[in-house]
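# A closer look at the structure
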Amino acid sequence: MFKKLGKIGLAVVLVIGLLPMMSLRAYAAVPSFNEAADFVIEPPVTYSAGKNLADAQGLQDGSTAVLLNSFVYQGNSYTASNFLRVFNSAGTLITDVNLGNLMDTYYKMTYVSMLALNNGNLLIMYSKSDSGQNNLQLGTVTESTPNAYFMVLDKNGQKVTGQTRLNTFSAASLPQLTRFVSAAELSNGDIAFSWQRNDNKARLPVCSLLRAYRCQAKPCW
């Protein structure tokens, strides 16, 4: 009987002794964040004049790149505009550009996404957002079928790499969208892209494609 009670008592002591360690491990797993800055990226305005936040990503030097868009109803359809703003670590605006002015090919409604690269540049990806008949083509370079593109900008909004077409699948008799582009920078500096091809008119299944672009020179992009 005493031997059994002794074993139980030893087990209780061991559990109590492990409690501080268990508590410390649980506490260490919870990340701690401190506010570094608090600044306005878009002041309060009317709905028609305001811009919507689409994405925000941090750069290597502590700056913050912000992707915004706005929509204006004109005639029987909407026209979208996309903007890039960059704020330094103190929250001061250092770049504010209309991305449509930098795109060779775009539409009244263009889907835009962004990826901050390791060297501080910004990868901007864009494509036609929908196949509506009022989503007319704009820009200086026209295309027969809607494709997807990317360009690389520095934090000042200057082109490092001009408009580059992502996809090669194109058939004038079967116009389809190439959209929902996303990307990831690989450890060697290459960039892997994925996108969705929507072959609605052929009634084929929706498929996602992947392509990697190799960096030929250092530093990349």
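Residues numbered from 1 in each chain as written. Predicted model: local features only at pLDDT ≥ 70, side-chain atom pairs only at ≥ 80, totals over all residues. Heavy atoms only, no water.

## Focus: the nonpolar core
Spelled out, the test is: By nonpolar core we mean a set of buried residues, namely Ala, Val, Leu, Ile, Met, Phe, Trp, Tyr and Cys, connected to one another through side-chain atoms within 4.5 Å. To sort residues, take the accessible area from a 1.4 Å probe on protein chains only and compare it with the maximum for the residue type: under 20% means buried, over 50% means exposed, and anything in between is partly exposed. Strands are runs of DSSP state E lasting at least 2 residues, helices are runs of H or I lasting at least 4, and numbering of each runs from the N terminus.
Membership of the largest hydrophobic core comes to 18 residues, with the highest contact counts inside it found for Leu84, Leu99, Leu122, Ile124 and Met151. When contributions to this core are tallied by element, the ones reaching two or more residues are β2 (64-74), β3 (77-87), β6 (110-116), β7 (122-128) and β9 (148-153). The next biggest cluster of nonpolar side chains, apart from the first, holds 12 residues, and it includes Met125, Phe150, Ile191 and Phe193.

## Comments concerning the packing of aromatic side chains
To keep things clear, this is the line we draw: Stacked, tilted and edge-to-face are the three classes applied to pairs of Phe, Tyr and Trp rings, where Trp contributes its six-membered ring and a pair requires centres within 6.5 Å; stacked means planes under 30 degrees apart, edge-to-face means over 60, and tilted covers the rest. In our convention, an over-ring charge means Lys NZ or Arg CZ found within 6 Å of a ring centre and within 35 degrees of that ring's normal.
With the rule as written, the count across this model stands at 4 aromatic pairs. A ring pair is formed by Tyr126 and Tyr149, whose centres lie 6.0 Å apart and whose planes are at 25°; its orientation type is stacked. With Tyr126 in strand β7 and Tyr149 in strand β9, the pair connects residues that are 23 residues apart, well separated along the chain. Judged by relative accessible area, Tyr149 falls into the buried class, the value being 7%. The cationic tip of Lys51 hangs over the ring face of Phe83; the distance from NZ or CZ to the ring centre is 4.7 Å.

## What to know about the sheet that holds β6
Which entries qualify depends on this criterion: Paired strands, as defined in this entry, are two strands with at least two bridges between them according to DSSP. To get an axis, a line is fitted to the C-alpha atoms, and for a helix only the part in contact is used. The angle between two axes follows their N-to-C directions and goes from 0 to 180 degrees.
A sheet is described by the order of its strands in space; here 4 strands give the open sequence β6-β7-β9-β10, paired in antiparallel fashion. Looking at the sheet topology across the chains shown, the edges are occupied by β6 and β10 (159-165). Strand-to-strand, the axes of this sheet are offset by a mean angle of 15°, without reference to chain direction.

## Points about the confidence of the model for the protein
The test is simple: Scored between 0 and 100, pLDDT is the confidence that the predictor attaches to each residue. Whether two residues touch is decided by their heavy atoms; if any such pair falls within 4.5 Å, the residues are in contact.
Predicted confidence across the protein gives a mean pLDDT of 76, with 68% of residues reaching 70 or more. Across residues 10-16, confidence stays below pLDDT 50; counting only partners more than four residues off in sequence or on other chains, it has 0 contacts. Low pLDDT, under 50, characterises residues 200-209; the stretch is placed with 16 contacts to residues that sit more than four places away or in other chains.

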